[in-house]
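# Reading the structure
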Amino acid sequence: MDKTVAFRRDACNIFFHILTRCNFRCLHCYINPAQHGRQTLSAETINTWLRALVQPGKQSNLILIGGEPTLHHDLPEIIRSARLMGCASITVDTNGTFCHDILDKMTPEEVDYFSVGLDGSSAKMNDRIRGEGSFDRAVAGVKKALKQGYRLSIIFTASRLNISDLKNMPGFLKSLGVDRFFVQIVGIRGRSTQDSGHSLQLTQKEWTPIVSRVARRAASLGIHVTYPKVFLKRAEPFECAGLVADNYFVFPNGRVYRCPVCEDFPLHAFAFEEDRLIARPPINEKELFNLSIPEGCVMNKLIQPGNLSYDKKGRPEYKIACCLLKEEIQP
Ligand code: SF4
Ligand code: SF4
């Protein structure tokens, strides 16, 4: 049975972009150096900023992300310090290249998950999106990590380029021995904005029936699946995570957002200034969260309206859910 994962008020999720550099160049890359900076933060700065974000009394979940976070020489020490600071879970989102022999410099007990991006079940499909050779490199990384006892999940970014292959992913994960699968839907951010016709973006008809069928198939193979809800029926309740949950999206230039869809704009609610977390004055993303529109998410309507559809009376046929609202299906 699919279950909607409610936003948690007792947890804090920190998505920490420790650098924006990457050894891949994916077509849908969300990184926008003009907005997010090009610097690699020192381990010392990362620790200082984390201390400001980790909240005693709340479960703090840290997701280390880039760019490619394993390009950071000090990643093992950063993870160890975060644990000492009280982070309840630590995940590293990676393209699977596991640079600087990271797997040999850590133990599986020190990190909860490595989450590897793969956008297809074959080199032909994946490499069209993530670059020549990226499939073989990621699969080799996954196999090595599993062999060494690390917990692994796969993240598949669905777009019009690869939605036809989503159905093949459960069998592929099973063959690899991976039991956790995150499906996300492409956002019009970073490099995707260069796709002026929004041809990557999926409609409701292209997304909803397929993703739930694939998730059930994966669950039947013993795989835990999480995917974004995206489309809400008119009568379903809408909530903006920016108002009810505690999420921080941190970038190397010091910007701290509450909403990932805002990341291409200087709308961040907070900023690190001289290593102190400062709330920014209006107008910023927080003012947008309070706007109520029949289409659901305001930022979706502003920056990626290609997924909206209206009836003859001009009413939206459905609402767009918060991009952070997930469905989960367990084996
Ligand atoms: S999507 Fe991730 S792996 Fe791909 S280029 Fe961007 S940071 Fe690198
Ligand atoms: S994606 Fe939309 S609903 Fe979710 S936090 Fe951002 S503005 Fe709010």
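Look above for the structure.
A brief report on the enclosed structure follows. (Residues numbered from 1 in each chain as written. Chains lettered and ligands numbered in written order. Predicted model: local features only at pLDDT ≥ 70, side-chain atom pairs only at ≥ 80, totals over all residues.)

This part covers the overall build of the chain. Scanning the chain for helices and strands turns up 11 helices and 15 strands. Taken over C-alpha atoms, the radius of gyration comes to 19 Å for the chain, in line with the 20 Å a tight globule of 331 residues would show. Overall, the C-alpha framework of the chain stretches about 60 × 50 × 35 Å when taken along its three principal axes. Sorting the 331 residues of the chain into buried and exposed places 43% on the buried side. (Helix = DSSP H or I, 4+ residues; strand = E, 2+ residues; numbered from the N terminus. Rg over C-alpha atoms; globule rule 2.2 N^0.38 Å. Buried ≥ 20, exposed ≤ 12 C-beta atoms within 10 Å, placed from the backbone.)

This paragraph deals with the packing of helix α7 (residues 169–176) against helix α8 (residues 204–220). For any two helices packed against each other, the geometry comes down to the angle between their axes and how far apart the axes lie. Relative orientation of the contacting elements α7 and α8 amounts to 25°, with a least axis distance of 9 Å. By the angle class used here, α7 and α8 are roughly parallel. Along this stretch, α7 crosses α8, giving a crossing that reads as right-handed. In contact with M169, P170 and L173 of α7, α8 contributes V214, R217 and A218. Its residues assigned to classes, the contact of α7 with α8 comprises five nonpolar, no polar and one charged. (Axes fitted to C-alpha atoms, helices over the stretch in contact; angles between N-to-C directions. Parallel < 35°, antiparallel > 145°, perpendicular 65-115°, else oblique. Left-handed = near helix turned anticlockwise from the far one by under 90°. Contact = placed C-beta atoms within 7 Å. Nonpolar A, V, L, I, M, F, W, Y, C, P; charged D, E, K, R; others polar.)

Burial of nonpolar side chains together is a common tendency in soluble globular proteins. Among the nonpolar cores identified, the biggest contains 83 residues, and F16, L62, L64, F181, V225 and C322 are the most heavily contacted of them. Ranked by residues supplied to this core, first place goes to α8 with five residues. (Core = buried A, V, L, I, M, F, W, Y, C linked by C-beta atoms within 7 Å.)

Between helix α2 (residues 43–53) and helix α3 (residues 75–84), whose axes approach to 10 Å, the crossing angle comes to 25°. In terms of orientation, α2 lies roughly parallel with respect to α3. At the point where α2 passes α3, the crossing takes the right-handed sense. Touching A43, I46, N47 and L50 of α2 are E77, I78, S81 and A82, all from α3. Counted by class, the contact of α2 with α3 contains five nonpolar, two polar and one charged residues.

Let us look at the site of ligand 2. Around ligand 2, the structure places 14 residues, and the nearest of them are C240, G242, C259, C297 and C322. Where the shell around ligand 2 is concerned, the elements lending two or more residues are α9 (241–244), α10 (285–289) and α11 (298–303). With three residues, the top contributor of residues to the shell around ligand 2 is α11. Classifying every residue of the shell around ligand 2 by side-chain character gives 12 nonpolar, two polar and no charged. (Near = placed C-beta within 6 Å.)

A few words now on α2. Considered for burial, the residues of α2 that qualify are I46, W49, L50 and L53. In a view along the axis of α2, the buried residues occupy a sector of 105°, so they form one face of it. Elements in contact with the buried residues of α2: β2 (11–17), α3, β10 (246–250) and β12 (270–273). (Arc of directions from axis to C-beta.)

Right, let's get into the site of ligand 1. In the vicinity of ligand 1, the contacting residues are C22, F24, R25, C26, C29, I31, G66, G67, E68, N95 and G117. Looking at the shell around ligand 1 residue by residue, the class counts come to five nonpolar, four polar and two charged.

As a further point, take the environment of F7. In this structure, F7 sits in the loop between β1 (3–5) and β2. Exposure remark for F7: the 19 C-beta atoms within 10 Å place this residue in the partly exposed category. Here the alpha-carbon distance between F7 and Q304, two residues 297 residues apart in the chain, equals 23 Å. Apart from residues lying up to four places away in sequence, F7 is in contact with E239, A241, V244 and A245.

Only a minority of non-glycine residues have a phi that is not negative, and only a minority of peptide bonds are not trans. In the segment running from G66 into G67, the intervening peptide bond is cis, with an omega of 10°. Within the secondary structure layout, G67 lies in the loop between β3 (59–65) and α3. Omega for the peptide link from P282 to I283 comes to 0°, which places this bond in the cis form. In this fold, I283 is placed in the loop between β13 (276–279) and α10. The phi dihedral of D275 is positive, around 65°, even though this residue is not glycine. Here D275 is to be found in the loop between β12 and β13.

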